Amino acid sequence: MSRAAPLHPHSLPHLHVDYVEGIAPSALLAEPDVLAVLGFGDGAPMIDDPRWLRVPLQPFGAAPLEVWRGRAPVRSGREGDIAWSTDGHLLFGAIEVDEPEGHTGEGDHTGILLAAEQAYRTLSRFIGESEFPHLLRIWNYLDAITHGDGDAERYRQFCVGRARGLGSFDTSRLPAATAIGRCDDDRRIQVYWLAARVPGTPIENPRQVSAYQYPRQYGPQAPSFARAMLPPAGSTMPLMLSGTASVVGHASQHEGELLAQLDETFANFDALISAARRHRPDLPVEFGPGSRLKVYVRDAADLPLVAETFDARYGDRLPRVLLHAVICRRELALEIDGVHDAG
């Protein structure tokens, strides 16, 4: 089946991301403009629809559904291990790959390298053969992300596998991305993404070294992502924010100080949004009703304090979901990603 959907004359890419409660996933999936619906944690049902993704991270408190809306009509299907949907402008895709047997024993962390390589080689081939060759945004969820020491650490092994799967690539065109640790002991990598017919504009943070330029101390392969992605020119889409934490330059800050890390993370977002506004001055200066955040917190015991801090700072003005997840550096207590636009 073709992944191309009929184009609307004179229309441009459109994406609206929202968190909704009190609506069944099946009702959302029946709507003609829905590209994807994400459910979080063990409570999310199993649904046989390519646009439904069950994210293996446990939510704290309310467990809203994350809904991506494009332009109707949306088509969807499966091709091998990939589930996909498209509205003719944007392509949602997802793949899950088990780590191979024989590579998951004590001290052997090459399983995640091989699974990441397979996932990225498959998705690269898939979008390369489609009408949507430009990756805008990718999420990666993998188990035991900080297990192992030195270059054998699983996150470092993941970075090697991701780069191998991508093949040759231009670092100036890398997508925005998140890589987060799941906490369910399931040695399977879940990757989902958004691609487009035309490229976006990668944005880097002036307070941070670009991830793809990290020094050798962080592993044999620098992480392959941009700090944020502005959507294609003329589209009605939000700024897409990569996973962001308490890192300045390339060094982690405020080890052991949860709220100081949160403040530093927001300082990074301020700088990133300011950099994006040089290209799109209409973007709001700070987070508000048009923003949507996923907040990943390493220690479950810290979730109530993070929730209280967000409530005090934003009340109900900023839609968000809090998730128990492991950050890719052991000293980092939290990470945040999301989208940002006018309300």
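What counts and how
Residues numbered from 1 in each chain as written. Predicted model: local features only at pLDDT ≥ 70, side-chain atom pairs only at ≥ 80, totals over all residues. Heavy atoms only, no water. Helix = DSSP H or I, 4+ residues; strand = E, 2+ residues; numbered from the N terminus. Rg over C-alpha atoms; globule rule 2.2 N^0.38 Å. Buried < 20%, exposed > 50% of the residue type's maximum accessible area, 1.4 Å probe, protein only. Contact = heavy atoms within 4.5 Å. Expected span 1.5 Å × (residues − 1). Pairing = 2+ DSSP bridges. Right-handed = clockwise from strand over helix to strand, strands pointing away. pLDDT = per-residue confidence, 0-100. Axes fitted to C-alpha atoms, helices over the stretch in contact; angles between N-to-C directions. Parallel < 35°, antiparallel > 145°, perpendicular 65-115°, else oblique. Left-handed = near helix turned anticlockwise from the far one by under 90°. Nonpolar A, V, L, I, M, F, W, Y, C, P; charged D, E, K, R; others polar. Phe/Tyr/Trp six-rings, centres within 6.5 Å; stacked < 30°, edge-to-face > 60°. Lys NZ or Arg CZ within 6 Å of the ring centre and 35° of its normal.

## Remarks on the overall build of the protein
Right, so step 1: Tallying secondary structure elements over the protein gives five helices and 19 strands in all.
Right, so step 2: The C-alpha radius of gyration of the protein comes to 19 Å, within 12% of the 20 Å expected for a compact globule of 343 residues.
Right, so step 3: Reported as C-alpha extents along the three principal axes, the dimensions of the protein are approximately 50 × 50 × 40 Å.
Right, so step 4: Looking at the protein residue by residue over its 343 residues, the buried ones come to 57%.
Right, so step 5: Residue pairs at least 24 apart in sequence account for 76% of intrachain contacts in the protein once pairs closer than 6 positions are excluded.

## Regarding helix α2 (residues 110–128)
Right, so step 1: Compared with the 27 Å implied by 1.5 Å per residue over 19 residues, the 27 Å span of α2 between its first and last C-alpha is a close match.
Right, so step 2: Of all the positions in α2, only Gly 111, Ile 112, Leu 113, Ala 115, Ala 116, Glu 117, Ala 119, Tyr 120, Leu 123, Phe 126 and Ile 127 are classed as buried.
Right, so step 3: Its buried side turned inward, α2 meets β6 (75–79), β7 (82–86), β8 (90–98), β9 (134–143), α3 (154–166) and β11 (188–196).

## Comments concerning the pairing of strand β18 (residues 320–324)
Right, so step 1: For β18, the buried fraction is high: four of the five residues fall into the buried class.
Right, so step 2: As judged from the three bridges shared by strand β4 (residues 58–60) and β18, these two strands associate in the antiparallel manner. Within β18, the position partnered with Phe 60 by the bridge is Leu 322.
Right, so step 3: Pairing of strand β17 (residues 292–297) with β18, which is carried by five bridges, proceeds in the parallel orientation. If you follow Val 297 over to β18, its bridge partner there is His 324.
Right, so step 4: Handedness of the crossover joining β17 and β18 through helix α5 (residues 303–314): right-handed.

## A look at the confidence of the model for the protein
Right, so step 1: When pLDDT is averaged along the protein, the result is 95, and 96% of the positions lie at 70 or above.
Right, so step 2: Low pLDDT, under 50, characterises residues 5–10; the predicted model gives this stretch 15 contacts beyond four residues in sequence or across chains.

## Regarding the sheet that holds β11
Right, so step 1: Across the sheet, six strands lie side by side as β6-β7-β8-β11-β9-β10; this open sheet has mixed pairing. Only two strands of the sheet have a single neighbouring strand rather than two, namely β6 and β10 (176–182). For this sheet, the mean inter-axis angle between neighbouring strands, taken without regard to orientation, is 15 degrees.
Right, so step 2: Sheet topology places β9 next to β11; seven bridges connect them, and they run antiparallel. If you follow Arg 137 over to β11, its bridge partner there is Leu 194.
Right, so step 3: Seen against the sheet, α2 touches β6, β7, β8, β9 and β11 and runs at an angle of roughly 25 degrees to β11.
Right, so step 4: Of the strands in this sheet, β9, β10 and β11 touch α3, which is tilted by about 145 degrees from β9.

## Some thoughts on the packing of α2 against α3
When two helices pack together, their arrangement is captured by the angle between the axes and the distance separating the axes.
Right, so step 1: The contact between α2 and α3 brings their axes to 7 Å, and the two run at 30 degrees. One element, α2, and the other, α3, form an angle in the roughly parallel class. The interaxial crossing formed by α2 with α3 has right-handed handedness. Side by side, α2 and α3 meet where Thr 110, Ile 112, Leu 113, Ala 116, Glu 117, Tyr 120, Arg 121 and Ser 124 of the first sit next to Arg 154, Gln 157, Phe 158, Val 160, Gly 161, Arg 162, Arg 164, Gly 165 and Leu 166 of the second.
Right, so step 2: Across the contact of α2 with α3, the residue classes tally to seven nonpolar, five polar and five charged.

## Details of the environment of Leu 35
Right, so step 1: Its place among the elements puts Leu 35 in strand β2 (residues 34–40).
Right, so step 2: You can call Leu 35 buried: its relative accessible area is 0%.
Right, so step 3: Considered as a pair, Leu 35 and Val 74 are 39 residues apart in the sequence and their alpha carbons are 6.5 Å apart.
Right, so step 4: If near-sequence neighbours (up to four positions away) are discounted, Leu 35 is found in contact with Leu 15, Arg 51, Trp 68, Arg 69, Gly 70, Val 74, Ser 85, Thr 86, Asp 87, Leu 90 and Phe 92.

## Here's the deal with the environment of Tyr 296
Right, so step 1: Position of Tyr 296 among the secondary structure elements: in strand β17.
Right, so step 2: A residue is classified by how much of its surface remains accessible, and Tyr 296, at 0% relative accessible area, is buried.
Right, so step 3: Separated by 28 residues in the primary sequence, Tyr 296 and His 324 place their C-alpha atoms 5.8 Å from one another.

## Thoughts on the pairing of β7
Right, so step 1: Along β7, five of the five residues are buried, which leaves the element largely enclosed by surrounding structure.
Right, so step 2: Of the two faces of β7, the one holding Ile 82, Trp 84 and Thr 86 and the one holding Ala 83 and Ser 85 are both buried throughout.
Right, so step 3: As defined by bridge partners, β6 adjoins β7 across five bridges and the pair is classed as antiparallel. Counterpart to Arg 75 in the pairing with β7 is Thr 86.
Right, so step 4: Pairing of β7 with β8 involves four bridges; the strand directions are antiparallel. Note that in β8 the partner of Ser 85 across the bridge is Phe 92.
Right, so step 5: Where β7 hands over to β8, the hairpin turn is made up of three residues, of which Gly 88 adopts a positive phi near 95 degrees.

## Topic: the packing of aromatic side chains
Right, so step 1: Across all of its chains, the model carries 14 aromatic pairs by this definition.
Right, so step 2: Arranged with centres 4.7 Å apart and planes meeting at 5 degrees, the rings of Trp 139 and Tyr 192 form a pair that is stacked. Taken together, the positions of Trp 139 in strand β9 and Tyr 192 in strand β11 put the pair 53 residues apart, joining distant regions of the chain.
Right, so step 3: Judged by centre distance (6.1 Å) and plane angle (70 degrees), the rings of Phe 266 and Phe 287 are edge-to-face. With a gap of 21 residues between them, Phe 266 in helix α4 (residues 258–277) and Phe 287 in the loop between α4 and β17 connect regions that are remote in the sequence.
Right, so step 4: Taken together, the aromatic side chains of Trp 68, Phe 92, Trp 139, Tyr 141, Tyr 192 and Tyr 296 make up a single cluster linked through ring pairs.
Right, so step 5: Over the ring of Trp 139 we find Arg 137; its NZ or CZ atom is 4.1 Å from the centre of that ring.

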